Amino acid sequence: MPLTLRPAVADDAGFAAVCVAAAYAQWIPLIGRKPGPMLDDYHQIIAEARVLIAEQDGNPVGLLVTRETTEGFLLDNIAVLPECAGQGIGRRLMLRAEEEAAQLGYRSLYLYTNERMLQNIELYAKNGYREYARRLENGFHRVYMRKDLD
């Protein structure tokens, strides 16, 4: 199925919250609490950040949140509905974040994930991201990773 990406609008906040809750629920037992993205206000995120909605046949299936920060271009969140996992949607969103960073003149982009989310750390490493810091923020032990862009 062809995947289209479009900028999020305020009316997408409900989908964004549902998508993130579904995508991140698997991590609650591992880290002992809701992951950070599940605590976000998506009306505020859509107003403040760059948010793209991924759609198949006009139906939303995932989202990408990126931001420009003092540390560089942040790949803040990728979430895909669990029933759509394994179709390359997350990979497409990751590539889009890299394209956005490059278009804006960044030579790299960064992300962070919970240190207990080893599958994510491994996935990002396979996609060219390298760990550069570990930080305790808002009670979360986070691994920061950066990817240099060509």
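Here goes a summary of the coordinates provided. A quick note: this is a predicted structure, and the numbers were derived from the prediction, not measured. (Residues numbered from 1 in each chain as written. Predicted model: local features only at pLDDT ≥ 70, side-chain atom pairs only at ≥ 80, totals over all residues. Heavy atoms only, no water.)

Here's the deal with the overall build of the chain
When you go through the chain residue by residue, the secondary structure sums to five helices and seven strands. When the helices and strands of the chain are listed from N to C terminus, the series reads β-α-α-α-β-β-β-α-β-α-β-β. Scaling as 2.2 N^0.38, a compact globule of 150 residues should have a C-alpha radius of gyration of about 15 Å, and the chain matches this with 15 Å. In terms of overall dimensions, the chain has C-alpha extents of about 40 × 40 × 30 Å along its principal axes. Looking at the chain as a whole, 47% of its 150 residues are labelled buried. The contacts of the chain with a sequence gap of at least 6 include a subset with a gap of at least 24, amounting to 59%. Split by element, the accessible area of the chain, about 8,100 Å² in all, is 49% carbon and sulfur. (Helix = DSSP H or I, 4+ residues; strand = E, 2+ residues; numbered from the N terminus. Rg over C-alpha atoms; globule rule 2.2 N^0.38 Å. Buried < 20%, exposed > 50% of the residue type's maximum accessible area, 1.4 Å probe, protein only. Contact = heavy atoms within 4.5 Å. Areas by Shrake-Rupley, 256 points an atom, 1.4 Å probe, with all protein chains shown as cover.)

Comments concerning unusual backbone geometry
Outside of glycine, negative phi angles account for most residues, and trans bonds account for most peptide bonds. Here D57, not a glycine, exhibits a phi torsion of approximately 50°, which is positive. Of note, D57 is situated in the loop between β2 (50–56) and β3 (59–69). In the Ramachandran plot, N138 falls in the positive-phi region, its phi being about 50° despite a non-glycine side chain. Its location among the elements puts N138 in the loop between β6 (130–137) and β7 (140–148).

Quick look at the side chain of N114
Residue position: N114 is located in strand β5 (residues 108–114). Not counting residues up to four positions away in its chain, the partners in contact with N114 are I31, I121, F140, H141 and R142.

Overview of the pattern of salt bridges
Per the stated rule, a full pass over the model turns up 12 salt bridges. E55 serves as the salt-bridge partner of R6, at 2.8 Å between the closest nitrogen and oxygen. Here R6, found in strand β1 (residues 3–7), pairs with E55, found in strand β2; they are 49 residues apart in sequence, far enough to count as distant. Given the relative accessible area of 25%, R6 is considered partly exposed. Given the relative accessible area of 13%, E55 is considered buried. A salt bridge links R50 to E68; the shortest N-O distance between them is 4.0 Å. A residue pair is termed long-range when its members are at least 10 positions apart, and R50 in strand β2 and E68 in strand β3 qualify at 18 residues. Look at R50 and you get partly exposed, because its relative accessible area is 34%. You can call E68 partly exposed: its relative accessible area is 46%. Each of R50, E68, R96 and E100 takes part in one network of salt bridges that share partners. (Salt bridge = Lys/Arg side-chain N within 4 Å of Asp/Glu carboxyl O.)

Regarding the side chain of T113
Assignment of secondary structure puts T113 in strand β5. Dropping the residues within four chain positions of it, T113 is found in contact with N120, I121, Y124, H141, R142 and V143.

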